[in-house]
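Each chain, letter by letter, is given below.
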Amino acid sequence: MTEIKIPKEYQWLYQREGNPIVSYPDPVLRKKAKPVARVTPEIHELIEHMMSSMHDAYGVGLAAPQVGVSLRIVIIEPIDQPARVLINPQILDREGEQIGLEGCLSIPALYGDVKRADKITVRALNRRGKPVLLHLEGMAARIAQHEVDHLDGVLFIDRAISESLHWHLPEEGEDEFEGATAHVGH
Ligand code: ZN
C-alpha cells in the first residue's frame, strides 16, 4: 500500500465541500467492499447517484466506495462507449499487457503510469441483476481493472510505476478523468 503526501498547493482540491466524491485519504477507499446481496430499488438509486456523480466530474469510471458506499458496484464508461454497470464484478481472465497514464477522481491532480492486462474477461451482474460475461480490451479493460481494484481498497498509486507519479493541475479545456487521462507528456 503506497501512501502519498498531498502538496500544499493541491490540498484545496481534496477539501471541496459538497462534492459527492470521497477524497484520499478517506478510510472507505482502503476498505474491502461487500458484495451486493440483491439488486433492490435502493441499489438502483445508488447507481443513479454514482452515474450523475461520475458525469458531473467528467469521469470514465467510478466505484461505489468513491461515493462513500462500501459495496461491490462499479461503472465504466470509456469514451465513445455506453456506460456499463457491473455489480459484484470478478475478473476471471487476464491477457497481455498495456502501460498507460491513470488518474483517479478520489486523488485529484496526481497521475502516473500503470501496467495493466490488455484484455480481461469479467463476470458480473448487470443493473437488472442479470449475470453477464464481458470481454474487454484496451481502455475499457484498463478502466475496469482500476475500478475493480477500488472494491478491494487498492488505489492506482499502489500499482503505478513510482517514478512516473507526478502532480499536475489540468488546465481549462484539458480532460481529466478517472482511470485514465487525456493529458500526456508530463
Ligand atoms: Zn479511481
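Residues numbered from 1 in each chain as written. Predicted model: local features only at pLDDT ≥ 70, side-chain atom pairs only at ≥ 80, totals over all residues. Heavy atoms only, no water.

Right, let's talk about the pairing of strand S7 (residues 131-137) for a bit. As defined by bridge partners, strand S6 (residues 119-125) adjoins S7 across seven bridges and the pair is classed as antiparallel. Note on S7: the bridge partner recorded for leucine 125 is proline 131. (Pairing = 2+ DSSP bridges. Helix = DSSP H or I, 4+ residues; strand = E, 2+ residues; numbered from the N terminus.)

Moving on: the sheet that holds S6. Read from one edge of the open sheet, five strands run S1-S2-S3-S6-S7, paired in antiparallel fashion. Edge positions in the open sheet fall to strand S1 (61-63) and S7, since each of these has one partner strand only. Put simply, the sheet's adjacent strands are angled 35° from each other on average, direction ignored. With four bridges connecting them, strand S2 (residues 73-76) and strand S3 (residues 84-95) associate as antiparallel partners. What sits directly across from isoleucine 73, in S3, is isoleucine 87. Contacts between helix H1 (residues 41-56) and the sheet are confined to S1, S2 and S3, with S2 contributing the most and set at about 40° to the helix. Its contacts with the sheet put helix H2 (residues 138-151) on S1, S2, S3, S6 and S7, and the angle it makes with S2 is roughly 160°. (Axes fitted to C-alpha atoms, helices over the stretch in contact; angles between N-to-C directions. Contact = heavy atoms within 4.5 Å.)

Turning our eyes to something else, we now look at the sheet that holds strand S5 (residues 110-116). In space, the three strands of this open sheet follow the order S4-S5-S8, with antiparallel pairing throughout. Edge strands, defined here as strands with exactly one partner in the open sheet, are strand S4 (98-102) and strand S8 (166-167). Relative to S8, S5 runs antiparallel, the two sharing two bridges. Paired with tyrosine 111 across the two strands is histidine 166, which belongs to S8. Set on the sheet, H2 makes contact with S4 and S5; between it and S4 the angle comes to about 65°.

Right, let's talk about H1 for a bit. Taking 1.5 Å of rise per residue, the 16 residues of H1 would be expected to cover 22 Å, and the 23 Å separating its terminal C-alpha atoms lies within 8% of that figure. Among the residues of H1, Ile43, Leu46, Ile47, Met50, Met51, Ser53 and Met54 are the ones counted as buried. Residues of H1 that are buried make contact with S1, S2 and S3. Tyrosine 58 sits one or two positions beyond H1 and adopts a positive phi of about 55°. (Expected span 1.5 Å × (residues − 1). Buried < 20%, exposed > 50% of the residue type's maximum accessible area, 1.4 Å probe, protein only.)

We now examine the pattern of salt bridges. Counted by the stated rule, this structure contains eight salt bridges. Taking the shortest distance from any N to any O, the salt bridge between arginine 142 and glutamate 102 comes out at 2.5 Å. Here the residue arginine 142 occupies a position in helix H2, and glutamate 102 occupies one in strand S4, the gap between them amounting to 40 residues. With respect to burial, arginine 142 and glutamate 102 carry one shared label: buried. One network of salt bridges, with partners in common, ties together Glu102, Arg116, Arg142, Asp149 and Arg159. (Salt bridge = Lys/Arg side-chain N within 4 Å of Asp/Glu carboxyl O.)

This part takes up the pairing of S4. The buried fraction of S4 amounts to four of the five residues, a majority that puts the element mostly inside the structure. The pairing of S4 with S5 spans five bridges and is classified as antiparallel. Counted as the bridge partner of isoleucine 99 is lysine 115 from S5.

Counting residues in hydrophobic clusters, the biggest one holds 18 residues, and the most contacted among them are Tyr24, Ile107, Phe156 and Ile157. Those elements that provide at least two residues to this core are S5 and helix H3 (156-159). When sequence neighbours within four positions are dropped, the list of residues in contact with isoleucine 157 reads Thr2, Ile4, Tyr24, Arg30, Ile107, Leu110 and Leu165. (Core = buried A, V, L, I, M, F, W, Y, C linked by side-chain atoms within 4.5 Å.)

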